[in-house]
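Geometric and topological summary
Chain residues, written in single-letter form:
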Amino acid sequence: MPRPHTPILSPARIRATALSLVDRDGLEALSMRKLAAELGVQAASLYSHVATKDDLLHDIANDIIGRVDVGGFHDGWRAGLVRWARSYRAVLAEHPNMVPFVARGPARRDASLRMADAVHGGLVGAGWPPREATMIGAAVKYIVIGAATSSFAAGFSDDAQVYVERYPHLSQAHLLREHAEEVDEDSFELVLEALLVRLEGKRGG
């Protein structure tokens, strides 16, 4: 009698399935039991590949952050920051449910630390003092995480009557949801440019 088929597990398959579960159901929905069910195995089978749920989330975050482009600093600190910020936002936007975990900080995650090292090195190499380079990196992260956490424009109702009587200065707010992607993109670019202008002022151009 043939033995029952057992799905082949690999770290890559476990991470991909876990990320799909988080993308679909949210960060809090991930458990080793639910992940095992998605993979068609017993939960105990997972522990030979990953020790804990937290370790698994760090591995997933490593995969995500490893795709962020930090290669622009050879063209100057401004170009490097712009390329990093846009890439960072785009990568996180693909997996918004992972943003709260990623936002906690790099911990010991190799990809996150390599990203921080590249950014800090690019800024210091361009002449920024280490303390200011640290602050600049943090400022860009705040902008990116804020943009990736939620949509400002999509948070408004598309019912004009909600605003028309009580909120006279929001008479066009019902249009925001329809144009949310454009508004959010332009808002991100606005604050990024404002930061760059401020930094260029500090450097004297």
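Below is a summary of the structure that appears in this document. Bear in mind that the values here come from a model prediction, so they are computed numbers and not experimental data. (Residues numbered from 1 in each chain as written. Predicted model: local features only at pLDDT ≥ 70, side-chain atom pairs only at ≥ 80, totals over all residues. Heavy atoms only, no water.)

Things to note about the overall build of the chain
Helix and strand content of the chain: nine helices and zero strands. In sequence order, the secondary structure elements of the chain are arranged as α-α-α-α-α-α-α-α-α. The C-alpha atoms of the chain give 21 Å as radius of gyration, which overshoots the globular expectation for 205 residues (17 Å, by more than 25%). Across its three principal axes, the chain shows a C-alpha extent of roughly 75 × 55 × 20 Å. The buried share of the chain, reckoned over its 205 residues, is 35%. Looking at the chain alone, contacts between residues at least 24 apart form 65% of all its contacts between residues at least 6 apart. In the form shown here, the chain has an accessible surface area of approximately 12,000 Å², with 55% of it arising from carbon and sulfur atoms. (Helix = DSSP H or I, 4+ residues; strand = E, 2+ residues; numbered from the N terminus. Rg over C-alpha atoms; globule rule 2.2 N^0.38 Å. Buried < 20%, exposed > 50% of the residue type's maximum accessible area, 1.4 Å probe, protein only. Contact = heavy atoms within 4.5 Å. Areas by Shrake-Rupley, 256 points an atom, 1.4 Å probe, with all protein chains shown as cover.)

Regarding the side chain of Asp 184
Turning to its location among the elements, Asp 184 is positioned in helix α9 (residues 180-203). Reaching out from Asp 184, the side chain makes a polar contact with the backbone nitrogen of Ala 153 at a distance of 3.3 Å. When residues no more than four places from it in sequence are discounted, the contact partners of Asp 184 are Arg 89, Ser 151, Phe 152 and Ala 153. (Polar contact = N/O pair within 3.5 Å; in protein donor to acceptor, adjacent residues only side chain to side chain.)

As for the nonpolar core
If you look at the biggest cluster of nonpolar residues, it comprises 53 residues, and the most contacted ones within it are Leu 46, Leu 56, Leu 81, Tyr 88, Leu 92, Met 98 and Leu 123. When contributions to this core are tallied by element, the ones reaching two or more residues are α1 (11-25), α2 (32-39), α3 (53-65), α4 (77-93), α5 (99-102), α6 (110-125), α7 (130-149) and α9. The element that contributes the greatest number of residues to this core is α4, accounting for eight residues. Setting aside its immediate chain neighbours within four residues, Leu 81 contacts Phe 73, Leu 123, Ile 136, Val 140, Leu 196 and Leu 199. (Core = buried A, V, L, I, M, F, W, Y, C linked by side-chain atoms within 4.5 Å.)

Focus on the packing of aromatic side chains
Geometrically, a pair of aromatic rings is defined through the distance of the ring centres and the angle of the planes. If you walk through the whole model with that rule in mind, you get four aromatic pairs. For the ring pair Phe 156 and Tyr 163, a centre distance of 6.3 Å and an interplane angle of 45° mean the geometry is tilted. Across this residue pair, the class does not change: Phe 156 and Tyr 163 are buried. One aromatic cluster is present, formed by Phe 152, Phe 156 and Tyr 163 through successive ring pairs. The lysine or arginine in question, Arg 203, covers the ring of Trp 128, its NZ or CZ lying 4.9 Å from the ring centre. (Phe/Tyr/Trp six-rings, centres within 6.5 Å; stacked < 30°, edge-to-face > 60°. Lys NZ or Arg CZ within 6 Å of the ring centre and 35° of its normal.)

Focus: α1
For α1, which comprises 15 residues, the first-to-last C-alpha distance of 21 Å matches the rise-based estimate of 21 Å (1.5 Å per residue) to within 8%. Turning to α1, its buried residues are Ile 14, Thr 17, Ala 18, Leu 19, Leu 21 and Val 22. Taken together, the buried residues of α1 touch α2 and α3. With its phi angle positive at about 105°, Gly 26 sits one or two positions after the end of α1. (Expected span 1.5 Å × (residues − 1).)

Observations concerning the pattern of salt bridges
Counted according to the given criterion, the structure contains eleven salt bridges. The salt bridge partner of Asp 63 is Arg 15, with a shortest N-O separation of 2.6 Å. Here the residue Asp 63 occupies a position in helix α3, and Arg 15 occupies one in helix α1, the gap between them amounting to 48 residues. For Asp 63, a relative accessible area of 38% puts it in the partly exposed group. Arg 86 serves as the salt-bridge partner of Glu 189, at 3.0 Å between the closest nitrogen and oxygen. Remark: Arg 86 occurs in helix α4 and Glu 189 occurs in helix α9; sequence separation between them is 103 residues. (Salt bridge = Lys/Arg side-chain N within 4 Å of Asp/Glu carboxyl O.)

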